[in-house]
Amino acid sequence: MARIDRIETRILDVPTIRGHVLSMTTMRIQSIVLVTIRFDDGSVGTGEGTTIGGLAYGPESPESIRAAIDVYLAPLLTGRDGDAVLARMADVDAAMQGNPIARCAVEMALWDGHARRLGVSIAQLFGGPVRRSLPVAWTLASGDTGQDIAEAEEMLARRRHRDFKLKIGRRSVEEDVAHVAKISKAVGARASIRVDVNQHWSPEEARRGLPALEDAGVVMAEQPLAAKLLPAMAALTGGGRMAIMADEALRGPDDAFQVACAGAATAFAIKVGQSGGLARAREVMAIGRAAGLSLYGGTMLEAGICTAAALQLFCTGPEFAWGSELFGPLLLTEDILSEPLRYEDFQVHLPEGTGHGVTLDHDRVAAFDRDRPRGPTRLVSA
Ligand code: MUC
Ligand code: MG
């Protein structure tokens with residue numbers, strides 16, 4: 001048995017390679033909460049909890065994720081058996097409501113430590129991979145149509161991505177449709193075009209926007225309406241040919257069951273953080289599959305640790321008909337892994353090795369640590 005000796009957290013602020021324009025925020029940095037669990041046999045597990053745009057995307061922020069772990073979960077779990085991952089998460093559930101990303105970060109570090117002690121990968125803990133790679137989409141969200149087209153061309157030429165997700169919902173429906181149509185026309189049959197509205201349309205806007213997007217060649221729309229509008233989402237799902245994907249509506253298996261029963265999606269974006277951990281994400285996958293829905297490996301634009309852990313899980317699951325968008329590390333100016341994940345031939349490849357299969361570059365982690373020691377502040381006199 002390996003007892004949990006210490007749980008440490010830190011927040012890294014890593015710049016993005018360009019502004020990432022979503023309907024609710026423009027990201028210029030990504031704040032990553034890293035969790036290190038040290039066990040009494042000397043082994044270590046690493047987890048990551050990441051959200052988008054502070055509190056703009058969802059109810060957890062980097063600071064709340066860190067506080068939930070430091071103040072509540074670390075004292076609760078310290079001294080307990082770290083190999084009994086599900087038992088530890090039952091302890092967490094008895095003490096904490098909500099906070100799915102904080103829950104996920106701790107669970108991920110426990111799976112990682114457990115798998116490394118056994119000398120296996122997280123995928124092997126979940127029954128073993130059924131595939132070694134997943135197609136990986138890229139989000140075109142510079143805020144400028146011309147720049148998005150240039151970026152798409154570059155990704156196609158490098159054979160890195162041929163599925164593009166366009167972030168819309170900030171401008172008028174008509175402006176967004178014109179933007180999407182230009183990009184879709186430019187790439188033609190060489191790429192698949194999807195959109196993500198991030199809950200920003202009303203049902204009426206969606207009824208105008210979706211047919212126009214369909215005419216422009218868009219094949220899938222992610223979370224066009226607010227997460228709570230399940231009946232209206234169901235009407236959209238039944239109303240057109242385009243696939244309708246649930247994202248923000250899926251905060252774990254209970255929500256997945258409600259969305260599936262309401263017929264409020266044809267596809268599920270599976271996110272490990274939003275689901276509350278890997279085990280719960282697997283349950284979301286099972287509910288989606290049981291309801292006859294297609295799956296997509298989603299992201300909260302996480303860095304390498306969470307991206308690798310999600311990939312470990314997704315590679316054990318049923319077919320992901322929509323592939324994945326596990327590109328988070330590529331949006332950052334610097335990778336925090338000692339060996340980056342491999343993106344080749346339009347796929348992201350499962351790393352070899354134990355645990356989540358990746359390791360941190362500790363120098364880079366220290367360089368981006370929000371609390372890193374800084375040089376003396378120069379006081380400027382008035
Ligand atoms: C989302 O809502 O899907 C995933 C890719 C991206 O660009 O933003 C995220 C969040
Ligand atoms: Mg989304």
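Structure: see above.
This report concerns the structure included in the present document. (Residues numbered from 1 in each chain as written. Chains lettered and ligands numbered in written order. Predicted model: local features only at pLDDT ≥ 70, side-chain atom pairs only at ≥ 80, totals over all residues. Heavy atoms only, no water.)

## Looking at the overall build of the protein chain
Phase 1 of the analysis: A tally of regular secondary structure across the protein chain gives 13 helices and 13 strands.
Phase 2 of the analysis: Relative to its length of 382 residues, the protein chain is compact, with a C-alpha radius of gyration of 20 Å against a globular reference of 21 Å.
Phase 3 of the analysis: In terms of overall dimensions, the protein chain has a C-alpha envelope of 60 × 60 × 40 Å along the principal axes.
Phase 4 of the analysis: Out of the 382 residues in the protein chain, the part that is buried amounts to 58%.
Phase 5 of the analysis: Taking contacts inside the protein chain between residues at least 6 apart in sequence as the whole, the part at least 24 apart equals 73%.
Phase 6 of the analysis: Of the charged side chains in the protein chain, 41 are positive and 48 negative; the average position of the first set lies 2 Å away from that of the second. (Helix = DSSP H or I, 4+ residues; strand = E, 2+ residues; numbered from the N terminus. Rg over C-alpha atoms; globule rule 2.2 N^0.38 Å. Buried < 20%, exposed > 50% of the residue type's maximum accessible area, 1.4 Å probe, protein only. Contact = heavy atoms within 4.5 Å. Lys, Arg positive; Asp, Glu negative; His and termini not counted. Charge placed at Lys NZ, Arg CZ, Asp CG, Glu CD.)

## Quick word on the packing of aromatic side chains
Phase 1 of the analysis: Scanning all chains against the criterion turns up three aromatic pairs.
Phase 2 of the analysis: Each ring, one from Phe314 and one from Phe320, has its centre 5.1 Å from the other, and the planes form 40°; the classification is tilted. Both residues of the pair, Phe314 and Phe320, count as buried.
Phase 3 of the analysis: Of note, Arg160 hangs over the ring of Trp138, and the distance from its end group to the ring centre comes to 5.1 Å. (Phe/Tyr/Trp six-rings, centres within 6.5 Å; stacked < 30°, edge-to-face > 60°. Lys NZ or Arg CZ within 6 Å of the ring centre and 35° of its normal.)

## Quick notes on the site of ligand 1
Phase 1 of the analysis: Contacts to ligand 1 come from 15 residues, most closely from His20, Tyr57, Thr139, Lys165 and Asn198.
Phase 2 of the analysis: Tyr57 places a polar side-chain atom, nitrogen or oxygen, 2.6 Å from an oxygen atom of ligand 1.
Phase 3 of the analysis: A distance of 3.1 Å separates an oxygen atom of ligand 1 from a polar atom in the side chain of Lys167.
Phase 4 of the analysis: Protein contact buries 100% of the 280 Å² of open area that ligand 1 shows by itself. (Near = heavy atom within 4 Å. Polar contact = N/O pair within 3.5 Å; in protein donor to acceptor, adjacent residues only side chain to side chain. Areas by Shrake-Rupley, 256 points an atom, 1.4 Å probe, with all protein chains shown as cover.)

## Thoughts on the coordination of the magnesium ion (ligand 2)
Phase 1 of the analysis: Within the first shell, the magnesium ion (ligand 2) binds the protein through Asp196 (OD), Glu222 (OE) and Asp247 (OD), at distances of 2.0 to 2.2 Å.
Phase 2 of the analysis: Summarised as a motif, the one-chain spacing of the donors to the magnesium ion (ligand 2) is D-x25-E-x24-D. Taken as a pair, Asp196 in strand 7 (residues 192-196) and Asp247 in the loop between strand 9 (243-246) and helix 9 (253-262) lie far apart in primary sequence, 51 residues in all.
Phase 3 of the analysis: For Asp196, a relative accessible area of 0% puts it in the buried group. (Donors = N, O, S within 2.8 Å, 3.2 Å for Na, K, Ca; no water.)

## Details of the sheet that holds strand 7
Phase 1 of the analysis: Pairing within the open sheet is parallel, and its seven strands lie in the order 5-6-7-8-9-10-11. With partners counted over all chains shown, the strands left at the sheet margins are strand 5 (138-140) and strand 11 (294-297), one partner each. On average, each strand axis in the sheet is tilted by 30° relative to the strand beside it, whichever way the strands run.
Phase 2 of the analysis: When strand 6 (residues 163-167) meets strand 7, the two strands line up parallel, connected through five bridges. Counted as the bridge partner of Lys165 is Arg194 from strand 7. (Pairing = 2+ DSSP bridges. Axes fitted to C-alpha atoms, helices over the stretch in contact; angles between N-to-C directions.)

## Overview of the pattern of salt bridges
Phase 1 of the analysis: A complete count under the given rule lists 30 salt bridges for this structure.
Phase 2 of the analysis: Put simply, Asp93 and Arg280 hold a salt bridge, and the shortest N to O gap is 3.1 Å. Separated by 187 residues along the polypeptide, Asp93 in helix 2 (residues 85-95) and Arg280 in helix 11 (residues 278-290) bring together distant segments of the chain.
Phase 3 of the analysis: Relative accessible area serves as the criterion here: at 31%, Asp93 is assigned to the partly exposed category.
Phase 4 of the analysis: Residue classification places Arg280 among the partly exposed residues on the basis of a relative accessible area of 28%.
Phase 5 of the analysis: Residues joined by salt bridges that share partners form a network here, namely Lys165, Lys167, Asp196, Glu222 and Glu325. (Salt bridge = Lys/Arg side-chain N within 4 Å of Asp/Glu carboxyl O.)

## Some remarks on the pairing of strand 7
Phase 1 of the analysis: Counting buried positions over the five residues of strand 7 gives five, a clear majority of the element.
Phase 2 of the analysis: Crossover connection from strand 6 via helix 6 (residues 173-187) to parallel strand 7: handedness right-handed.
Phase 3 of the analysis: Looking at chain direction, strand 7 and strand 8 (residues 218-222) are connected through four bridges and run parallel. Note that in strand 8 the partner of Asp196 across the bridge is Glu222. (Right-handed = clockwise from strand over helix to strand, strands pointing away.)

## A word on the sheet that holds strand 1 (residues 4-21)
Phase 1 of the analysis: The three strands are arranged 1-2-3 in an open sheet whose pairing can be described as antiparallel. Edge positions in the sheet fall to strand 1 and strand 3 (44-50), since each of these pairs with one other strand and no more. Pairwise comparison of adjacent strand axes, ignoring direction, gives a mean angle of 20° for this sheet.
Phase 2 of the analysis: Helix 1 (residues 62-77) rests against strand 1, strand 2 (26-39) and strand 3 of the sheet, and its axis sits at about 170° to strand 1.

## Structural notes on helix 6
Phase 1 of the analysis: For helix 6, built from 15 residues, the straight-helix expectation of 21 Å at 1.5 Å per residue is met to within 8% by its first-to-last C-alpha distance of 21 Å.
Phase 2 of the analysis: Among all positions in helix 6, only Val173, Asp176, Val177, His179, Val180, Ile183, Ser184 and Val187 are buried. Buried residues in helix 6, looked at end-on, bunch into an arc of 160°, giving them a common side. Facing away from the buried side of helix 6 by over 90 degrees, the exposed positions are Lys182 and Lys185.
Phase 3 of the analysis: Where helix 6 is buried, its residues meet strand 5, helix 5 (145-157), strand 6, strand 7, helix 7 (203-215) and strand 8. (Expected span 1.5 Å × (residues − 1). Arc of directions from axis to C-beta.)

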